[in-house]
Amino acid sequence: MAITGSGSLAISFFVFVISAAFLPKGTACQQTPNLATDNVTVIEGETATISCRVRNNDDSVIQLLNPNRQTIYFKDVRPLKDSRFQLVNFSDNELRVSLSNVSLSDEGRYVCQLYTDPPQEAYADITVLVPPGSPIIESREDVVSEGNETELTCTAIGGKPAAYIRWMKGEEELTGETTVEETYDRMFTVTSRVRFSVTKEDDGMPVDCIIDHPAVKDLLAQRHLEVLYKPEVKIVVTYPEGLTREGDNLDLTCIAEGKPHPHQINWLRVDEDVPPHAVVTGSDLYIENLNKSYNGTYRCVASNAVGEAYVDYILYVHDSRAGEGAPQKIDHAVIGGVVAVVMFAILCALIVLGRYFARHKGTYFTHEAKGADDAADADTAIINAEGGHNNTDEKKEYYI
């Protein structure tokens with residue numbers, strides 16, 4: 001009876017499986033550099049690829065076994081009825097198989113086997129990563145008052161391996177206390193708790209629970225803090241703008257901010273009564289026709305459910321004419337500039353006048369001496385100075 005090619009392959013596979021299954025108990029499979037494979041890490045639901053590589057093949061059979069030692073591929077034939085396994089490449093030197101839609105149950109040691117004497121084996125461990133579910137963040141209380149401590153809890157359920165949880169409050173990293181629980185299906189639940197005291201600056205501050213896991217990125221939960229704080233108070237002088245003088249009116253406004261908003265604002269005078277004709281309207285204090293008996297400390301007190309706060313204004317009433325005779329401020333720079341200009345002008349005038357007088361002084365002495373050199377006596381010199389210009393050359397001297 002003739003045997004076809006496919007029938008021959010089936011018989012070879014049957015003989016190989018029977019031989020492998022009934023190897024003597026003491027028979028050891030040899031691990032040599034001639035047969036190689038690689039470990040595979042894959043995320044649940046994705047595809048893993050196993051490659052069995054032979055350096056020198058003498059026509060020996062290559063097959064791939066699952067962790068239960070069941071044959072997945074015998075050469076290029078798939079005896080195992082699991083369509084998720086698909087042949088990627090088959091040659092004398094490689095058997096490459098893909099496994100799609102990987103689940104946690106696929107995790108384990110896969111065997112590349114080369115049927116020689118003794119058989120050669122190489123092992124590929126498939127590790128399946130399971131991303132945890134979205135983290136859940138909870139707070140011990142929804143609202144916390146400034147100065148008190150709050151506690152936040154973050155839980156990451158169902159990851160493999162166990163997730164690592166980090167905390168951030170704005171730009172500040174917080175340190176939490178972490179517990180890890182392994183479940184029956186080799187999964188992990190991680191819980192982290194963080195405690196810290198809050199201030200009014202923390203109101204509205206985001207607190208992030210960040211999950212670090214090799215199977216997922218950018219996984220976090222966020223919660224904004226709601227902090228109650230006592231009022232912050234300040235007093236604004238609406239009138240007058242300058243000194244408070246006798247006869248003037250005084251108008252003060254108290255501004256208070258807090259959470260919750262201040263429900264009460266009061267004006268009082270420290271150690272004394274408020275003047276009888278002072279008018280308080282909400283957050284405003286108005287006193288007309290001031291006199292020195294009103295001097296003192298006026299206090300604005302604001303309160304809410306968290307507490308109260310106050311700020312003081314010290315009133316000092318000056319004389320009615322105070323500040324009127326105060327000398328005006330002198331601008332020394334302007335005065336200095338004017339003086340410099342005047343001095344420069346005087347200096348220029350002196351130079352011009354000096355040159356003018358020097359020039360005319362030389363001419364005068366020349367005329368006075370005219371005829372005096374040839375005179376026999378003083379009378380003749382005077383006569384020659386008064387006349388006789390036609391006989392004597394006129395001499396002039398100029399000094400520049």
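For clarity, every value in this text was computed on a predicted model and none was experimentally measured. (Residues numbered from 1 in each chain as written. Predicted model: local features only at pLDDT ≥ 70, side-chain atom pairs only at ≥ 80, totals over all residues. Heavy atoms only, no water.)

J.: What's the story with the overall build of the chain in this structure? I'm lost.
T.: Within the chain one finds three helices and 25 strands. For the chain, the residues scored as buried account for 33% of the 400 residues in total. The contacts in the chain between residues at least 6 apart in sequence include a share of 63% that link residues at least 24 apart. Counting only carbon and sulfur atoms, one obtains 52% of the accessible surface of the chain, whose full area is about 24900 Å². (Helix = DSSP H or I, 4+ residues; strand = E, 2+ residues; numbered from the N terminus. Buried < 20%, exposed > 50% of the residue type's maximum accessible area, 1.4 Å probe, protein only. Contact = heavy atoms within 4.5 Å. Areas by Shrake-Rupley, 256 points an atom, 1.4 Å probe, with all protein chains shown as cover.)

J.: Quick question: what am I supposed to make of the pairing of strand β25 (residues 308-315) here?
T.: Strand residues, when the strand is regular, have side chains that alternate between the two faces of the sheet. Across eight bridges, the pairing between strand β24 (residues 296-303) and β25 is antiparallel. Its bridge partner lying in β25, A302 is registered against A309. Joining the antiparallel neighbours β24 and β25 is a turn of four residues. (Pairing = 2+ DSSP bridges.)

J.: Help me understand unusual backbone geometry in this model?
T.: Both trends apply: most residues other than glycine have a negative phi, and most peptide bonds are in trans. Look at the link from D117 to P118: it is a cis peptide, with omega at 0°. With respect to the element layout, P118 can be found in the loop between β8 (108-115) and β9 (120-129). Omega for the bond connecting K259 with P260 falls within 30 degrees of zero, at 0°, which places this linkage in the cis form. Examined against the element boundaries, P260 turns out to sit in the loop between β20 (250-259) and β21 (264-269). Unlike most non-glycine residues, D59 shows phi in positive territory, near 70°. With respect to the helices and strands, D59 occurs in the loop between β3 (48-54) and β4 (61-65).

J.: Can you help me understand the state of the cysteines in this one?
T.: Simply put, the disulfide is a covalent bond whose two ends are the sulfur atoms of two cysteines. Under the definition given, this model contains three disulfides. A disulfide bridge connects C52 with C112, and the sulfur atoms are separated by 1.9 Å. Across the S-S bond linking C52 and C112, the dihedral sits near -70°, which makes this disulfide left-handed. Taken as a pair, C52 in strand β3 and C112 in strand β8 lie far apart in primary sequence, 60 residues in all. The pair formed by C52 and C112 is uniform in burial state, with each residue classed as buried. For C154, the disulfide goes to C209, at an S-S distance of 1.8 Å. As the torsion about the S-S bond is roughly -75°, the C154-C209 disulfide counts as left-handed. Placement of C154 in strand β12 (residues 149-159) and of C209 in strand β17 (residues 206-213) is noted, with a sequence separation of 55 residues between them. Both residues of the pair, C154 and C209, count as buried. Disulfide partners in the chain, listed by the sequence order of the bonded cysteines, are 1-2, 3-4, 5-6. (Disulfide = S-S within 2.5 Å.)

J.: Is there a simple way to think about the pattern of salt bridges in this case?
T.: Side chains carrying opposite charge are able to pair once their charged atoms draw close together. Here the structure, examined in full by the defined rule, presents 23 salt bridges. Between R166 and D212 there is a salt bridge, and its shortest N-O distance comes to 2.7 Å. Within this pair, whereas R166 is found in strand β13 (residues 164-169), its partner D212 is found in strand β17, the two being separated by 46 residues in sequence. Of the residues examined, R166 reaches a relative accessible area of 25% and is grouped as partly exposed. What makes D212 partly exposed here is its relative accessible area of 31%. (Salt bridge = Lys/Arg side-chain N within 4 Å of Asp/Glu carboxyl O.)

J.: Even after reading the chapter, I still don't get the layout of surface pockets, so can you show me in this structure?
T.: Think of a ball as big as a water molecule: rolled over the atoms, this probe shows where empty space is left. In this structure, the second largest pocket encloses a volume near 150 Å³. Taken together, N66, P67, N68, Q70, L80, D82, R84, F85, S105, D106, E107 and Y110 form the lining of the second largest pocket. For the lining of the second largest pocket, a count of residues per class yields four nonpolar, four polar and four charged. (1 Å grid on protein atoms, 1.4 Å probe; cavity = no way out; pocket = protein on both sides within 12 Å on 5 of 7 lines; lining within 4 Å. Points joined across faces, edges and corners; volume = space filled by probe spheres on them. Nonpolar A, V, L, I, M, F, W, Y, C, P; charged D, E, K, R; others polar.)

J.: Help me out: how do you make sense of the sheet that holds β25 in this one?
T.: The sheet built from three strands is open, its strands ordered β21-β24-β25 with antiparallel pairing. With partners counted over all chains shown, the strands left at the sheet margins are β21 and β25, one partner each. Here the average twist between neighbouring strands, direction ignored, is 20°. (Axes fitted to C-alpha atoms, helices over the stretch in contact; angles between N-to-C directions.)

J.: Can you walk me through a nonpolar patch on the surface in this structure?
T.: A contiguous nonpolar surface patch, about 720 Å² in accessible area, is contributed by V334, I335, V338, V339, V342, M343, I346 and L350. Judged by its relative accessible area of 43%, I346 is partly exposed. (Patch = residues over 30% accessible without salt bridge, like charges linked within 9 Å, V, L, I, M, F, W, Y side chains within 5 Å.)

J.: Teacher, can you tell me more about the sheet that holds strand β19 (residues 227-239) here?
T.: What holds strands together in a sheet is hydrogen bonding between their backbones, with the strands either parallel or antiparallel. Taken in spatial order, the five strands make up an open sheet running β11-β19-β20-β23-β22, and their pairing is mixed. Looking at the sheet topology across the chains shown, the edges are occupied by β11 (144-145) and β22 (279-281). Where β20 meets strand β23 (residues 284-287), four bridges bridge the pair, whose relative direction is antiparallel. For D251, the partnering residue across the bridge sits in β23 and is Y286.

J.: Sorry if this is basic, but what is going on with the confidence of the model for the chain here?
T.: The predicted structure's coordinates, where accompanied by low pLDDT, should not be read in detail. Across the chain, pLDDT averages 84, with 80% of residues at or above 70. Of the regions scoring below 50 in pLDDT, residues 363-368 engages in seven contacts with residues more than four places distant in sequence or in other chains. In the predicted structure, residues 388-400 sits below a pLDDT of 50 and forms 15 contacts with residues beyond four places in sequence or in another chain. (pLDDT = per-residue confidence, 0-100.)

J.: Just to check I follow, could you spell out the packing of aromatic side chains for this structure?
T.: For any two aromatic rings, the description comes down to two numbers: the centre-to-centre distance and the angle of the planes. Taken as a whole and assessed by the stated rule, the structure comprises zero aromatic pairs. Over the face of the ring belonging to Y310 we find R299, whose NZ or CZ atom lies 4.0 Å from the ring centre. (Phe/Tyr/Trp six-rings, centres within 6.5 Å; stacked < 30°, edge-to-face > 60°. Lys NZ or Arg CZ within 6 Å of the ring centre and 35° of its normal.)

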